[in-house]
Amino acid sequence: MANKQLKKMTPVQQEYQALAKKHEPPRPLLLNCIKAFFVGGLICIVGQAIQDIYTKSLKIPINNAATATVATMILLSVILTSIGIYDKLGQWAGAGSAVPVTGFANSMASAAIEHRSEGFVLGVGGQMFKLAGSVIVFGTVAAIIVAALHLLFNPNLSGG
Amino acid sequence: MLKGHQSWLFNQKPTIHATATVVGPFEGRGPLANDFDRIHDHSMVDKDSWEKAERKMLEEAGDLAIQKAGYSKDQIHFFIGGDLMNQITSTSFAARTLGIPFLGIFGACSSSMESLAIASLLVDTGAADQVLAGTCSHNSSAEKQFRYPTEYGSQKPPTAQYTVTGAGTVVVDRAKDGPRITSATIGRVIDMGISDPFNMGAAMAPAAVDTIQAHFRDLQRAPDYYDLIVTGDLAKVGFEIANELLQKHNVPIDRTQFKDCGMMIYNYEEQMVQSGGSGCACSAVVTYGHLLNQMREGKWKRMLVVATGALLSPLSYQQGETIPCIAHAVSIEMGESS
């Protein structure tokens, strides 16, 4: 994509791209990876702790506890989003806070808050999936493909 | 009067009679806080949406500038302005409140100097006696329109810029004293193929350089004619590039003070603004607040303000277009009535 675009450019533009690239401060990739590793891990530890509380202290069966844990993490993320903390965490932690389920909840909650001024129907309802929508669409498509492959290549299933 | 290819020389010396700046709380915590007329405690400015807050700030700045110049609204012949919102609603809705005959312009973040140049031309040619020019931007409304929801936890790269929340206005007339607008250079649209909306500085730098060179060529001046040449919102990354480009084109920019408004408005150590400030209000509040105050105090005698604008829309970059940019320059001189 980038190369294709570059080919369309005039020599002056190409020369400028090189000059501009030189002045572009690089993203601190290694530091970002380390931060993402620890923040992402920490979020998972919190999730695990909540699940342990549900199974051990409240004696909820493991399947139900997993669902309850996800719901709790989503709730925590929405609260942190609405009090303006999650975006700051995102700037610092990068993928660490974007990848877990809390990041998904943040993308929906932030869009809902953002478009509240346009009303509940067209604003909150219509715009809530602005960022999350593509995750759901392509997640579903990927799931169908994986399920189809599973059906084709799993002898236990295809054999009946 | 046309001078050279794309510049106007103002013989009647239209004057900046009064200016007004209104900013949000984040700008109020920056190093230029003392230069702003009004600092709001909350970025919503008692309104229920950011768009309304942005408009409200422009209305306030408009009222304040007119009041400081000692006029009433009906004495102002025209209001010229623009902003970043779709269909420039902030400015046109503010014009509805102000009730002054209105010319809406769009030059993205170059709107400040574009409106000042047109206002000066109207006054210079006698098409108007008193003109109000102004522009506004709001960090959250710009993020919402151009990028992601404000509370969305995405990581911004170090080249990203922070849109200034604020509004800056100016009343131009033929007053006896005050900083005079002596010339203006209207820029061409330059596109050097940058397509990353998180790297506006790099996209806009060539436009700034093109307009600066055109200004010197048209008016047959060199950089040392000015005490200060200031760009609008190139920020750290774009400013470095502009410096290198000017040196490459043999413009002796080092013979004058060369600065950038986007690098002056925030405190890099304490405020998380990545490359620096941007937005229509960036060059407007820094020039109309800070720089003109310094000029009135005698620090600068002649300055050239080169406001830069990135003319993209959220749609254009999603369709893979590169970012066309523009810059307009206005020279302001203090002093001996000649």
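No experiment lies behind these values; they were computed from the predicted model shown.

**Q** Please give an account of the overall build of chain A that cites residues and values.
**A** When you go through chain A residue by residue, the secondary structure sums to ten helices and zero strands. Principal-axis analysis of the C-alpha atoms places the extent of chain A at approximately 70 × 50 × 40 Å. Residue burial in chain A is summarised as follows: out of 160 residues, 32% are buried.

**Q** Residue-level account of empty space enclosed by the protein, with values.
**A** Residues and elements named next belong to chain B. Enumeration according to the criterion identifies one cavity of 30 Å³ or more in this entry. Approximately 160 Å³ is the volume found for the largest cavity. Every residue lining the largest cavity is counted, 16 residues in all, and those nearest its centre are Leu-84, Cys-109, Arg-147, Met-200 and Ser-278. Counting only elements with at least two residues in the lining of the largest cavity, the list comes to helix H5 (139–146), strand E8 (161–163) and helix H6 (200–219). When grouped by side-chain class, the residues that make up the lining of the largest cavity number ten nonpolar, four polar and two charged. Looking at which domains feed residues into the lining of the largest cavity, each of domain 1 (12–173) and domain 2 (180–333) gives three or more.

**Q** Lay out the pattern of salt bridges in plain terms, naming residues and giving numbers.
**A** Oppositely charged side chains are able to pair whenever their charged atoms sit close together. Residue and element names in this part refer to chain B. As enumerated under the stated definition, the model contains 17 salt bridges over all chains in all. Across the salt bridge formed by Arg-217 and Asp-218, the nearest N and O atoms sit 3.1 Å from each other. By relative accessible area, which is 46% here, Arg-217 ends up partly exposed. The buried category is assigned to Asp-218, whose relative accessible area is 5%.

**Q** Talk me through helix H2 (residues 50–68) of chain B; I want residue IDs and the actual numbers.
**A** Taking 1.5 Å of rise per residue, the 19 residues of H2 of chain B would be expected to cover 27 Å, and the 27 Å separating its terminal C-alpha atoms lies within 8% of that figure. Of the residues one or two after H2 of chain B, Gly-70 of chain B is the one with positive phi, at around 80°.

**Q** I'd love a proper account of the nonpolar core, names of residues and values included.
**A** Residues and elements named next belong to chain B. In this structure, Leu-116, Ile-265 and Ile-332 are the most contacted members of the largest nonpolar core, which totals 44 residues. Here the element with the most residues in this core is helix H8 (residues 280–296); it accounts for nine residues. Two domains each donate at least three residues to this core, and these are domain 1 (12–173) and domain 2 (180–333). With sequence-adjacent residues up to four places away left out, Leu-116 is seen in contact with Ala-133, Val-170, Val-172, Ile-181, Tyr-288, Val-330 and Ile-332.

**Q** If you had to explain the domain arrangement of chain B to someone new, which residues and values would you point to?
**A** Residue and element names in this part refer to chain B. When cut into domains, chain B gives domain 1 (12–173) and domain 2 (180–333). A C-alpha centroid distance of 18 Å is found between domain 1 and domain 2. In this complex, domain 1 contributes 53 residues to the contact, which on the side of domain 2 involves 55 residues. A per-residue breakdown of the area domain 1 buries against domain 2 is headed by Cys-109, Met-113 and Gln-161, which together make up 17% of the total. At the boundary of domain 1 with domain 2, the tally comes to zero salt bridges. Run the count over domain 1 and domain 2 and you get 20 residue pairs in polar contact (both at pLDDT 80 or more). Those elements that provide at least two residues to the side of domain 1 that touches domain 2 are strand E3 (15–23), helix H1 (25–28), helix H4 (111–125), strand E7 (131–137), H5, E8 and strand E9 (166–173). With seven residues, the single largest contributor to the side of domain 1 that touches domain 2 is H4. Its residues placed into classes, the side of domain 1 that touches domain 2 shows 26 nonpolar, 19 polar and eight charged.

**Q** I'd like a rundown of the interface of chain B and chain A, residues and numbers included.
**A** Between chain B and chain A, the residue contacts involve 37 residues of the former and 34 residues of the latter. Summed over both partners, the interface of chain B with chain A comes to about 3000 Å²; 55% of that surface belongs to carbon and sulfur atoms. The three residues of chain B that bury the most area against chain A are Glu-151, Gln-155 and Met-192 of chain B, which together make up 24% of that side's buried surface. The interface formed by chain B and chain A contains three salt bridges. A salt bridge links Glu-244 of chain B to Lys-22 of chain A, with the shortest nitrogen-to-oxygen separation between them at 2.9 Å. Where chain B packs against chain A, one counts 17 residue pairs in polar contact (both at pLDDT 80 or more). Among the elements of the structure, H2, H5, H6 and helix H7 (235–248) of chain B are those that each provide at least two residues to the side of chain B that touches chain A. Sort the elements by how many residues they give to the side of chain B that touches chain A and H7 of chain B lands first, with six residues. Broken down by class, the residue content of the side of chain B that touches chain A amounts to 15 nonpolar, 13 polar and nine charged.

**Q** Could you give an account of the layout of surface pockets, naming the residues involved and the relevant values?
**A** In this model, the largest pocket occupies a volume close to 830 Å³. Lining the largest pocket are 31 residues, and of these Asp-87 and Lys-88 of chain A together with Asn-139, Thr-150 and Tyr-162 of chain B lie nearest its centre. Of all the secondary structure elements, the ones that give two or more residues to the lining of the largest pocket are helix H5 (86–93) of chain A together with H1, H5 and E8 of chain B. Partitioned by chemical class, the residues of the lining of the largest pocket number ten nonpolar, 13 polar and eight charged. Taken together, domain 1 (12–173) and domain 2 (180–333) of chain B each give at least three residues to the lining of the largest pocket, which thus spans both. Of the pockets and cavities examined, the second largest pocket occupies roughly 590 Å³. Forming the boundary of the second largest pocket are 24 residues, of which His-115 of chain A together with Glu-51, Asn-86, Lys-144 and Gln-145 of chain B lie nearest the centre.

Rules used throughout
- Residues numbered from 1 in each chain as written.
- Chains lettered and ligands numbered in written order.
- Predicted model: local features only at pLDDT ≥ 70, side-chain atom pairs only at ≥ 80, totals over all residues.
- Heavy atoms only, no water.
- Helix = DSSP H or I, 4+ residues; strand = E, 2+ residues; numbered from the N terminus.
- Buried < 20%, exposed > 50% of the residue type's maximum accessible area, 1.4 Å probe, protein only.
- 1 Å grid on protein atoms, 1.4 Å probe; cavity = no way out; pocket = protein on both sides within 12 Å on 5 of 7 lines; lining within 4 Å.
- Points joined across faces, edges and corners; volume = space filled by probe spheres on them.
- Nonpolar A, V, L, I, M, F, W, Y, C, P; charged D, E, K, R; others polar.
- Domains from an automatic or database assignment.
- Salt bridge = Lys/Arg side-chain N within 4 Å of Asp/Glu carboxyl O.
- Expected span 1.5 Å × (residues − 1).
- Core = buried A, V, L, I, M, F, W, Y, C linked by side-chain atoms within 4.5 Å.
- Contact = heavy atoms within 4.5 Å.
- Buried area = accessible area lost by both parts, 1.4 Å probe.
- Polar contact = N/O pair within 3.5 Å; in protein donor to acceptor, adjacent residues only side chain to side chain.

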